[in-house]
Amino acid sequence: MEEYICKKCSQLYPTCCALNDEQNIIFPLSNLEIEQIKKETKEEFFFLEKVTAEFLNNLKKIFPEDKKIFSFFKEKKSYFRLNIANKKCIFLTSKGCSLKVKNRPFFCKIYPFWVINRKIVFFKDNNCFAQKKSNQVKELLKIFGYEPEYIFQLYENYKNNLIG
Ligand code: SF4
């Protein structure tokens, strides 16, 4: 189901894999994610971005209960992130993401869901095809065909690999 939703969104809207003028991709890539993507492509898909005050502020917002992540990046000068071209992730095509689901970054797999204080939440996105059908976490999980455990597992894996 998820593939269908993402494909449909990518044909109708700018999608969550593209940016508007005010947005910036804040999600850092872990070494594990980079190695995973390298199995599928020889393209230059990531680069080193400076750690800025804005980046650190955003990290605080998305990991409010995890000070380790904030401290880890505060000590660093840069972090890896996905390449973009024309304000879109380089892997975004008219058919959605060109990467196999298993090789996508954790954040891409978990989106639009997230975990805050051990609760599943979701990033509000007016263009999300699934969110046009429901704005309840339970219902959205059903639409995507995800069990709550899957979301918790992705979230933990992402956190652990970021600072691992
Ligand atoms: S890797 Fe795929 S899912 Fe992730 S931002 Fe790029 S196009 Fe979107």
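Parameters at a glance
Along each chain, residue indices are assigned from 1 in the same order as the chain's sequence is written. pLDDT decides what is reported in this predicted model: residues at 70 or higher carry local features, side-chain atom pairs at 80 or more are listed and counted, and totals for whole chains, interfaces and linings draw on all residues regardless. For each residue, a C-beta position is placed from the backbone atoms; the residue is near a molecule or strand when that point lies within 6 Å of it. In the scheme used here, Gly and all other residues not listed as nonpolar or charged are polar, with Ala, Val, Leu, Ile, Met, Phe, Trp, Tyr, Cys and Pro taken as nonpolar and Asp, Glu, Lys and Arg as charged. Only DSSP runs of H or I with at least four residues qualify as helices, and only runs of E with at least two residues qualify as strands; both kinds are numbered from the N terminus onward. Expected span, for any helix, means 1.5 Å times one less than how many residues it has. With C-beta atoms placed from the backbone, a contact is any residue pair whose C-beta atoms sit within 7 Å. The predictor rates its confidence in each residue with pLDDT, a number between 0 and 100. By convention in this section, buried Ala, Val, Leu, Ile, Met, Phe, Trp, Tyr and Cys residues joined through C-beta atoms within 7 Å make up a nonpolar core. Whether a residue is buried, exposed or partly exposed is read from the other C-beta atoms within 10 Å of its own C-beta, which are placed from the backbone; 20 or more gives buried, 12 or fewer gives exposed, and intermediate counts give partly exposed. Axis geometry follows a simple rule: fit a line to the C-alpha atoms, using only the stretch in contact for helices, then measure angles between N-to-C directions, giving values from 0 to 180 degrees. The cut-offs work like this: below 35 degrees is roughly parallel, past 145 is roughly antiparallel, 65 to 115 is roughly perpendicular, and the gaps in between are oblique. With the far helix as reference, a near helix turned anticlockwise by less than a right angle produces a left-handed crossing, and one turned clockwise produces a right-handed crossing.

### Some details on the site of the ligand
Stage number 1. Taken together, Cys17, Leu82, Cys89, Phe91, Leu92, Cys97, Leu99, Arg104, Pro105 and Cys108 form the complete shell of residues around the ligand.
Stage number 2. Residues that form the shell around the ligand fall into these classes: 9 nonpolar, no polar and 1 charged.

### Points about helix α8 (residues 148-163)
Stage number 1. Between its first and last C-alpha, α8 extends 24 Å over 16 residues, near the 22 Å set by a 1.5 Å rise per residue.
Stage number 2. Those residues of α8 that are buried lie in contact with α4 (67-74), α5 (106-110), β7 (113-116) and β8 (119-122).

### Some thoughts on the confidence of the model for the protein
Do not read the predicted coordinates in detail wherever pLDDT is low.
Stage number 1. Scored by pLDDT, the protein has a mean of 89; 95% of the residues are at 70 or more.
Stage number 2. Mean pLDDT in the protein bottoms out at helix α1 (residues 2-12), which sits at 76, and peaks at β8, which reaches 97.

### Regarding the nonpolar core
Stage number 1. In terms of nonpolar packing, the biggest core is built from 24 residues, with Cys97, Phe107, Ile110, Ile151, Leu154, Tyr155 and Tyr158 touching the most fellow members.
Stage number 2. Those elements that place two or more of their residues in this core are α1, α5, β7 and α8.
Stage number 3. Counting residues per element, this core draws most heavily on α8, which supplies 5 residues.
Stage number 4. The residues touching Tyr158, leaving out its near neighbours within four places in the chain, are Phe106 and Phe107.

### Brief notes about the packing of helix α3 (residues 53-62) against α4
Stage number 1. Orientation of α3 relative to α4, taken along the N-to-C sense of each, is 170 degrees, at an axis distance of 9 Å. In terms of their interaxial angle, α3 and α4 are classed as roughly antiparallel. The chirality of how α3 crosses α4 is right-handed. Every residue of α4 that contacts α3 at Leu56, Leu59 and Lys60 is listed here: Ile69, Phe70, Phe73 and Lys74.
Stage number 2. Of the residues contributing to the contact of α3 with α4, the split by class is 5 nonpolar, no polar and 2 charged.

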